[in-house]
Amino acid sequence: MATVQQELETHQMYIAGQWIGAQSGETYPVVDPATEQAFAIVPKGGLADARRAVDAARKAFDEGPWPHTPATERARLLHEVADKIRGRAGDLALLETRQMGKLLADSLVDVNDAAHTFDYYAGLAVEQHGQTLEVPGESMSMVVREPIGVTVGITPWNFPLLMAAWKVAPSLAAGNVMILKPASVSPLTSLELARIFAEVGLPEGVFQVLTGPGGEVGDFLASSPDIDMVAFTGSVEVGKAIMRAGAANVKKVGLELGGKSPNIVFEDADFEAAIDGALIGIFAGSGEVCSAGSRLLVQRSIYDRFVGELVSRAMAIKVGAPTDEASEMGPLVSRQQLDTTERYVKIGRDEGAVLATGGHRLEGSGYYYEPTIFVDVDNSMRVAQEEIFGPVLAVIPFETEADAIRLANDTIYGLAAGVWTKDVTRALRVIKALRAGITWVNTYHPTYSEAPWGGYKQSGVGRELGTFGLDEYQEVKQINIDLTDKPLGVYQHGKEAPETGKVVSLSDRRPFNEEHESDQWVGYCRNCG
Ligand code: NAP
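Thresholds applied
- Each chain carries its own residue numbering, running from 1 in the written order of its sequence.
- Owing to the predicted nature of the model, reporting of local features is limited to residues with pLDDT of at least 70; listing and counting of side-chain atom pairs is limited to 80 or more, with chain, interface and lining totals taken over all residues.
- Here the side-chain values reflect all heavy atoms present in the structure, with hydrogen atoms and water set aside.
- Here a strand is any run of E in DSSP of at least two residues, a helix any run of H or I of at least four, and the numbering for each starts at the N terminus.
- An expected span of 1.5 Å times one less than the residue number is assigned to each helix.
- What makes two residues a contact is simply this: any of their non-hydrogen atoms within 4.5 Å.
- For every residue, the accessible area (1.4 Å probe, protein chains only) is compared with the maximum for its type, and the residue is labelled buried under 20%, exposed over 50%, or partly exposed between those bounds.
- Pairing between strands is defined by DSSP: at least two bridges between the two strands are required.
- With axes taken as lines fitted to C-alpha atoms, and helix axes fitted only over the stretch in contact, angles between N-to-C directions fall between 0 and 180 degrees.

Engineer: Can you help me understand helix 3 (residues 71–87) in this one?
Structural biologist: Think of an α-helix as turning once every 3.6 residues; residues three or four places apart then point the same way. When the terminal C-alpha atoms of helix 3 are compared, their 24 Å separation across 17 residues agrees well with the 24 Å that a helix rising 1.5 Å per residue should span. Packing partners of the buried residues in helix 3 comprise helix 4 (89–100), helix 5 (104–125), helix 6 (160–173) and helix 7 (188–200).

Engineer: For this particular structure, what's the right way to read unusual backbone geometry?
Structural biologist: With glycine set apart, most residues show a phi of negative sign, and most peptide bonds adopt trans. One non-glycine residue, S286, lies in the positive phi region at around 55°. For S286, the position within the fold is in the loop between helix 10 (271–283) and strand 14 (295–299). Look at S286 and you get buried, because its relative accessible area is 4%. Of note in this structure, K457 is not a glycine but carries a positive phi near 50°. Residue K457 is classed as partly exposed on the basis of its relative accessible area, which comes to 36%.

Engineer: Sorry, what's going on with the sheet that holds strand 1 (residues 9–10) here?
Structural biologist: Either a parallel or an antiparallel arrangement is found when strands of a sheet pair, and the pairing is made through backbone hydrogen bonds. Taken in spatial order, the 3 strands of this open sheet run 1-5-4, and their pairing is mixed. The open sheet has two edge strands, strand 1 and strand 4 (27–32), and neither has a second partner. Across the sheet, helix 4 is in contact with strand 1, strand 4 and strand 5 (37–43); its angle to strand 4 comes to roughly 100°.

Engineer: What is the right way to read the sheet that holds strand 6 (residues 131–133) from this model?
Structural biologist: If you trace the 3 strands from one edge of the open sheet to the other, you get 6-7-23, paired in antiparallel fashion. Edge strands, defined here as strands with exactly one partner in the open sheet, are strand 6 and strand 23 (474–482). This sheet shows a mean twist of 25° between the axes of neighbouring strands, independent of strand direction. Direction of pairing for strand 7 (residues 139–147) relative to strand 23: antiparallel, over a ladder of 9 bridges. Across the sheet, the residue bridging to V144 is K477, located in strand 23.

Right, dumping it as structure tokens:
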């Protein structure tokens with residue numbers, strides 16, 4: 001075992017501006033899902049390491065320069081990070097693919113999106129402004145934005161670098177500090193991000209990466225009273241645990257959770273475009289995409305023809321090595337995810353759904369699974385209600401627009417939805433009726449750093465990306481300024497009023513700002529005789 005480990009790349013965590021191993025000395029392997037071979041080892045961080053990271057983050061926020069660094073300087077550093085990500089995009093994409101198995105071309109898109117996210121929030125950092133408000137009385141009121149403090153990002157394995165960027169970029173742009181806890185199976189590009197931050201000269205403790213099991217270090221971070229906010233992307237189950245843990249000190253919690261998103265095809269849709277959109281909706285990223293269109297609702301009048309074409313196109317998808325340019329779908333991320341997919345296919349069969357294609361793992365090494373389609377699914381079946389997070393599509397027929405809306409919304413989730421029709425009024429009518437945070441018309445999956453990302457119902461709390469994503473990392477403070485230099489005039493009876501020279505008696509009490517027609521308080525009006 002020791003000889004094998006010597007051949008692996010050895011990585012360290014980035015804590016308090018230093019590259020270190022776990023205090024316990026423990027490590028764990030990172031496995032390439034295309035080969036099932038370990039190729040790297042990383043520290044298995046524990047509670048002692050998490051405590052050290054929290055202390056360093058607290059010090060960086062409470063005593064360090066970052067929260068007071070001018071926005072222009074913060075923006076300059078974030079732009080530099082974006083440039084460096086782009087500069088090594090090929091290496092980062094390869095590392096992403098090696099650790100979690102997505103097609104190399106898709107990893108490259110993610111890496112460039114991550115760079116754009118840093119540029120976007122660098123731009124917003126210098127665009128921040130507060131408000132001045134019209135208020136009664138001789139007063140001024142204004143609102144300023146401030147960072148929240150020590151933030152934690154906990155990320156999943158399906159878009160490791162991109163999900164990190166969605167959290168780190170707005171958090172640091174707003175002047176916070178962040179501890180990032182990446183998913184255990186895919187920590188390497190997050191560690192590379194730390195390397196880039198170290199190169200651009202970010203002050204110590206402002207960005208740290210802690211590798212280790214979520215149930216231990218993630219839970220510690222979510223519960224710690226020294227953490228002001230946790231931004232989490234992952235499963236509903238863990239999201240609920242984080243919400244409970246965060247309640248200990250009423251910390252702010254942002255949750256980006258799972259989905260079972262409806263992709264609705266009406267009879268008047270462009271047939272070819274809708275077929276393409278249905279396939280991309282579920283099989284892009286091997287179905288390991290939170291917003292996957294995993295429930296395909298097809299209008300009965302075109303159902304047989306649509307399903308026939310869909311199934312034959314799915315059968316032709318080339319599953320293979322993610323680094324092979326000819327591959328159209330790579331492996332799943334882990335044996336666990338492969339087992340989950342297999343288990344759900346059995347559940348679907350047992351429930352009576354018709355397996356039209358797929359349903360098997362591929363022979364040989366690597367966690368490969370066939371593109372799989374269940375047809376004639378009833379929306380109440382578990383394969384239509386529960387997130388599988390694999391290449392498994394549930395196709396459900398519907399009769400009318402009202403049926404489609406009812407079926408689409410009949411879920412605990414509300415992350416994403418798609419509508420395919422040439423009728424623009426119907427498209428907008430249906431989109432308006434859908435309870436989902438991310439929606440598409442005649443397309444599926446394109447997303448932009450500029451637009452808010454997040455779900456309704458159990459798909460999450462709060463939003464990432466766009467200006468909304470920056471708001472999540474900011475406190476807003478109201479500042480009220482008295483412009484008179486006079487006492488408020490409360491509890492003044494028996495004293496001489498400076499304005500009138502008259503001794504104030506209890507009978508002089510009147511609405512505090514009577515002259516301004518405000519009756520908020522009762523006191524001795526400063527300006528009344
Ligand atoms: P997961 O099992 O919930 O894990 C997500 C992260 O939470 C990992 O870093 C994990 O660490 C950590 N974690 C686990 N238990 C924890 C605990 N008790 N306290 C604190 N942290 C803990 O999710 P996943 O399997 O990585 O990702 C798949 C899920 O993410 C799907 O449900 C998908 O829909 C969702 N997702 C949502 C979005 C969105 O934007 N809405 C985007 C992508 C993915 P370990 O890896 O060490 O266990």
